[in-house]
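# Structural description and commentary
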Amino acid sequence: MPSPLTLYFAPGTCALAVRIALEEAQAPYQLQRVDFRARQQQSARYLALNPKGRVPVLVTEEGIVLTETPALLAYIAQRFASAQLAPTDAVGFARMQEVHSYLASTVHVAHAHRPRASRWADEPEAIVAMQTKVPQNMTECFALIERHYLQGPWVLGEAYSVTDGYLFTMASWLESDDVDIGQFPKVQEHFERMAVRSAVQRALAE
Ligand SMILES: N[C@@H](CCC(=O)N[C@@H](CS)C(=O)NCC(=O)O)C(=O)O
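About the criteria used
Residues numbered from 1 in each chain as written. Predicted model: local features only at pLDDT ≥ 70, side-chain atom pairs only at ≥ 80, totals over all residues. Heavy atoms only, no water. Helix = DSSP H or I, 4+ residues; strand = E, 2+ residues; numbered from the N terminus. Rg over C-alpha atoms; globule rule 2.2 N^0.38 Å. Buried < 20%, exposed > 50% of the residue type's maximum accessible area, 1.4 Å probe, protein only. Contact = heavy atoms within 4.5 Å. Areas by Shrake-Rupley, 256 points an atom, 1.4 Å probe, with all protein chains shown as cover. Lys, Arg positive; Asp, Glu negative; His and termini not counted. Charge placed at Lys NZ, Arg CZ, Asp CG, Glu CD. Near = heavy atom within 4 Å. Polar contact = N/O pair within 3.5 Å; in protein donor to acceptor, adjacent residues only side chain to side chain. 1 Å grid on protein atoms, 1.4 Å probe; cavity = no way out; pocket = protein on both sides within 12 Å on 5 of 7 lines; lining within 4 Å. Sits in = over half its atoms within 2 Å of the grid points. Nonpolar A, V, L, I, M, F, W, Y, C, P; charged D, E, K, R; others polar. Pairing = 2+ DSSP bridges. Axes fitted to C-alpha atoms, helices over the stretch in contact; angles between N-to-C directions. Phe/Tyr/Trp six-rings, centres within 6.5 Å; stacked < 30°, edge-to-face > 60°. Left-handed = near helix turned anticlockwise from the far one by under 90°.

A word on the overall build of the chain. Secondary structure summary: the chain contains 8 helices and 4 strands in total. A globule of 206 residues ought to have a C-alpha radius of gyration of about 17 Å, and the chain, at 17 Å, matches this closely. For the C-alpha atoms alone, the extent of the chain along its principal axes is close to 55 × 45 × 30 Å. For the chain, with 206 residues in total, the buried portion stands at 46%. A separation of at least 24 residues holds for 62% of the contacts in the chain among residues at least 6 apart in sequence. Carbon and sulfur atoms make up 52% of the accessible area of the chain, which totals about 10600 Å². Positive and negative side-chain charges in the chain, numbering 18 and 22 respectively, have mean positions lying 5 Å apart.

Following this line, the structure appears as structure tokens:
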């Protein structure tokens, strides 16, 4: 019997997007919770698995360690291809990667300036200045998503994909970033439709 996939995660993080994808794919997987309060992501044992000290990490059935949310989402979509969680044509797949790259490199980083501002500066005034800017930056990111990326009814159009759980995860951070999701009617409607999907509810359960 092959080992199930193992997802290293912490609640409230981008690992939720991967967990949603695993649930949607009905993949056999087990969870390993990383305790951020105990700084377990910086423990020698965890750093041996992921030297970046971040979640998510996905260990495949063959024992291969994968990191970076866009890579994990593409892997799950291809490994469980029958679940049809990603476009198979070249342009559709590239568009999915485009959205994932934007979420990972721009939206996630804009959000991280609130809880993780000390990554970028040491001076308390600089940290406060960066945190103060988060609502504006997140508003600009979601205005762009609303106008250009959310095709409807799902992010990539008619077909549901791993991208939907990724956008849902980032949209779930808006409230704590002091951004009213109601400014973005398509994002809000998508968020509400996602929240009632059974795979999403299973992924949110502890
Ligand atoms: N580029 C990575 C970012 C991963 C990341 O920053 N994860 C955060 C949680 S959302 C984390 O593990 N933070 C722990 C820390 O900063 O100590 C990805 O997209 O997977």
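Before going further, it helps to spend a moment on the site of the ligand. In the vicinity of the ligand, 13 residues are found, and the nearest of them are Gln-41, Val-55, Glu-68, Thr-69 and Arg-119. Measuring from a nitrogen atom of the ligand, one finds a side-chain N or O atom of Glu-68 at 2.6 Å. In the environment of the ligand, an oxygen atom lies 2.8 Å from a nitrogen or oxygen atom belonging to the side chain of Arg-119. Protein burial of the ligand: of its 520 Å² of free accessible surface, 88% is covered by the chains. Placement of the ligand is best described as lying within the largest pocket. Along the lines of polarity and charge, the residues of the shell around the ligand split into 4 nonpolar, 4 polar and 5 charged.

If you trace the 4 strands from one edge of the open sheet to the other, you get S2-S1-S3-S4, paired in mixed fashion. Looking at strand neighbours, the two that pair on one side only are strand S2 (29–33) and strand S4 (65–67), the edges of this open sheet. With strand direction ignored, the average angle separating the axes of adjacent strands in the sheet is 25°. Along the sheet, helix H3 (residues 69–79) contacts strand S1 (5–9), strand S3 (57–59) and S4; its crossing angle with S4, the most-contacted strand, is approximately 120°.

Turning next to the packing of aromatic side chains. Per the stated rule, a full pass over the model turns up 5 aromatic pairs. Judged by centre distance (6.1 Å) and plane angle (40°), the rings of Phe-142 and Phe-184 are tilted. Of this pair, Phe-142 sits in helix H5 (residues 124–149) while Phe-184 sits in the loop between helix H6 (162–171) and helix H7 (185–195), and the two are 42 residues apart along the sequence. Taking the relative accessible area as the measure of exposure, Phe-142 reaches 0% and is therefore buried. Under the relative-accessibility criterion, Phe-184 is labelled buried at 4%.

At a closest axis distance of 8 Å, the pairing of helix H1 (residues 15–24) and H6 adopts a crossing angle of 145°. H6 is crossed by H1, and the crossing has right-handed handedness. Here Leu-16, Ala-17, Ile-20 and Ala-21 of H1 come into contact with H6, specifically with Val-162, Gly-165, Tyr-166, Phe-168 and Thr-169. Class assignment of the residues belonging to the contact of H1 with H6 gives a composition of 7 nonpolar, 2 polar and no charged.

Turning to its location among the elements, Glu-146 is positioned in helix H5. Reaching out from Glu-146, the side chain makes a polar contact with the backbone nitrogen of Val-187 at a distance of 3.0 Å. For Glu-146, the residues in contact, after removing those within four places along its chain, are Phe-184, Pro-185, Lys-186 and Val-187.

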